[in-house]
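Below, each chain spelled out in residue letters.
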Amino acid sequence: MKSIYGKLILGFLVSILISFSFAGYFVLKNNSEELSEFTRVELQDATRLILNQMTYVEDSQVGQVLTNISESLNVAILVSHDDSEIVYGQFKKPDKLDEAISNLKEKKEGYIDMRNSFFQTVGTHFEIDGTQYTLFVQKNISQQENIFKHSALLAVGFIFIVGSVVFLIIADIIVKPITRLTRATQELAKGNYKVSVNYVGNDEIGRLNKSFNLMAQQLGKTEQTRQQFISDVSHEFQTPLTSINGFATILKNEDLPPEQREKYTDIILFESRRLSQLSKNMLQLTLLDGEDITLNVENYSLTEQLYRVISSLEEFAKQKDIEIDVNIPKKDIMISGDQNRLEQVWINLLNNAIKYTNEGGYISVNLKRNSKDVEVMISDTGIGMDEEAQRHIFERFYREDKARSVGGNGLGLAIVKSIVDLHFGTIKVKSQKDVGSEFYVNLPYERNNTLKEVFKSYRKEG
Ligand code: ADP
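Bear in mind the structure is a predicted one, so any value in this text is a computation, not a measurement.

Caption draft 1: Representation of the site of the ligand within the structure. Taken together, 20 residues sit near the ligand, with Asn352, Lys355, Tyr356, Asn409 and Leu413 positioned nearest. One of the side-chain N or O atoms of asparagine 352 is found 2.8 Å from an oxygen atom in the ligand. A distance of 3.4 Å is found between a nitrogen atom of the ligand and a side-chain nitrogen or oxygen belonging to serine 437. When isolated, the ligand has an accessible area of 530 Å², and the protein chains bury 97% of it. Breaking the shell around the ligand down by element, the ones donating at least two residues are α8 (339-355), α10 (412-422) and β12 (436-444). In the shell around the ligand, the residues fall into nine nonpolar, seven polar and four charged.

Okay, structure coming up:
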């Protein structure tokens, strides 16, 4: 039985069979007992009537009277002597007549009640002119029992047919959407992420279909992102490789003047460093995205960290004649977080500020402590960005204008965002084209281990 449909039908048939068998047995038994009780009372009344009549009528008329009573009450009558000789009989001498008579004798008065599958018989003892007689009155109850059996059978048949039709319709209503969903799942497995199932209703199957549609949509989006990512990666690798390939070919020319040789070698070095940085960034992003990333959370001085980062990039700023203004409170501001990864955040932001600020520009690094978080703001008087760019800069491989790119690969801010997210922080940008940009990073301030526990539970919840 492979299909749900088959299983439902089998289940229905088995339950119907079991319930009807039990119900039938008890209903028939009950009916038979009630019928028996009813007939017994009826036969005892008939017996009393016969005895009553026999007291008044002449001996010669007894036969006729008994026949009349038998016809009008629809019962059979048998009168016998105590020695079991039949005096009047409308039914054949019963096999156990002797036993019945001796039972009656023992009882002296009252009735005995006999019953087999067709007949019910009541017997009683009486005496006329000193002679002992027994009177048996019998009724055929099989007819009445059969009428009930037939009616019951008819009702069962009717219930079965109507029930089966209704059940088949319901089974169809249940099974059809499941079949549709199975087909859609097979389509999805083949890679058709546009597949969706239509189902109205908010029952279990409706909700399952809704979840399926959502899952297909999400898978479609993931697939799209994956394809976009592969195309971005190949493009990012292809450009420097083409450049390296081209200049290396030129360098093979032995007659090349030394200045040109120097220039082309520098380009090759620049591009290969770019490639190396690109693969490092990609690796870092993959690690940050991974399920099993572990943050090495510790309580440390953010003040010291920012000073360290500024001094490591001071030389780069000096080369462009850029002044860095530092607004950091004297008193150490402590924070719980992964020191190495947060250092990467400040390096990327400050590096960008220097990269995208023209010579003689101005950068400021600000740190302040709010009631619930710490805020680091890095501003510059650089090239700035329009609103469209501000919406996308945290996406992988996004660069506002690839032509004016200064050696980046569009992964720096994506890494920054991932690290800030992992610390339950936020990052915002305010910028104006040709005026400058401000990057705000807010990190929740937690005492010592609290954040550690938050990280642990966050990881566990996945
Ligand atoms: P990249 O390696 O290209 O710098 P990022 O992810 O760090 O990659 O930055 C993405 C893009 O955001 C940059 O290409 C640039 O267009 C824009 N951007 C980032 N920081 C600044 C800034 N301080 N001023 C102007 N534009 C910026």
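Caption draft 2: Representation of the nonpolar core within the structure. Judged by nonpolar contacts, the single largest core of 57 residues is most densely connected at Leu302, Trp346, Leu349, Leu350 and Phe439. A domain-level breakdown of this core finds at least three residues from each of domain 2 (204-289) and domain 3 (297-461). Contact partners of leucine 302, with chain neighbours within four places excluded, come to Ile333, Ile335, Trp346, Leu367, Val374 and Val376. Residues Ile50, Leu66, Ile69 and Leu135 belong to the second largest nonpolar core, which totals 18 residues.

Caption draft 3: Seen up close, the environment of valine 233. As for its placement among the helices and strands, valine 233 is situated in helix α5 (residues 204-251). Residue classification places valine 233 among the buried residues on the basis of a relative accessible area of 14%. The sequence separation of valine 233 and glycine 123 amounts to 110 residues, and the corresponding C-alpha distance is 107 Å. With residues up to four places along the chain from it excluded, the contact list for valine 233 reads Met282 and Phe397.

Basis of the calculations
- Residues numbered from 1 in each chain as written.
- Predicted model: local features only at pLDDT ≥ 70, side-chain atom pairs only at ≥ 80, totals over all residues.
- Heavy atoms only, no water.
- Near = heavy atom within 4 Å.
- Polar contact = N/O pair within 3.5 Å; in protein donor to acceptor, adjacent residues only side chain to side chain.
- Areas by Shrake-Rupley, 256 points an atom, 1.4 Å probe, with all protein chains shown as cover.
- Helix = DSSP H or I, 4+ residues; strand = E, 2+ residues; numbered from the N terminus.
- Nonpolar A, V, L, I, M, F, W, Y, C, P; charged D, E, K, R; others polar.
- Core = buried A, V, L, I, M, F, W, Y, C linked by side-chain atoms within 4.5 Å.
- Buried < 20%, exposed > 50% of the residue type's maximum accessible area, 1.4 Å probe, protein only.
- Domains from an automatic or database assignment.
- Contact = heavy atoms within 4.5 Å.

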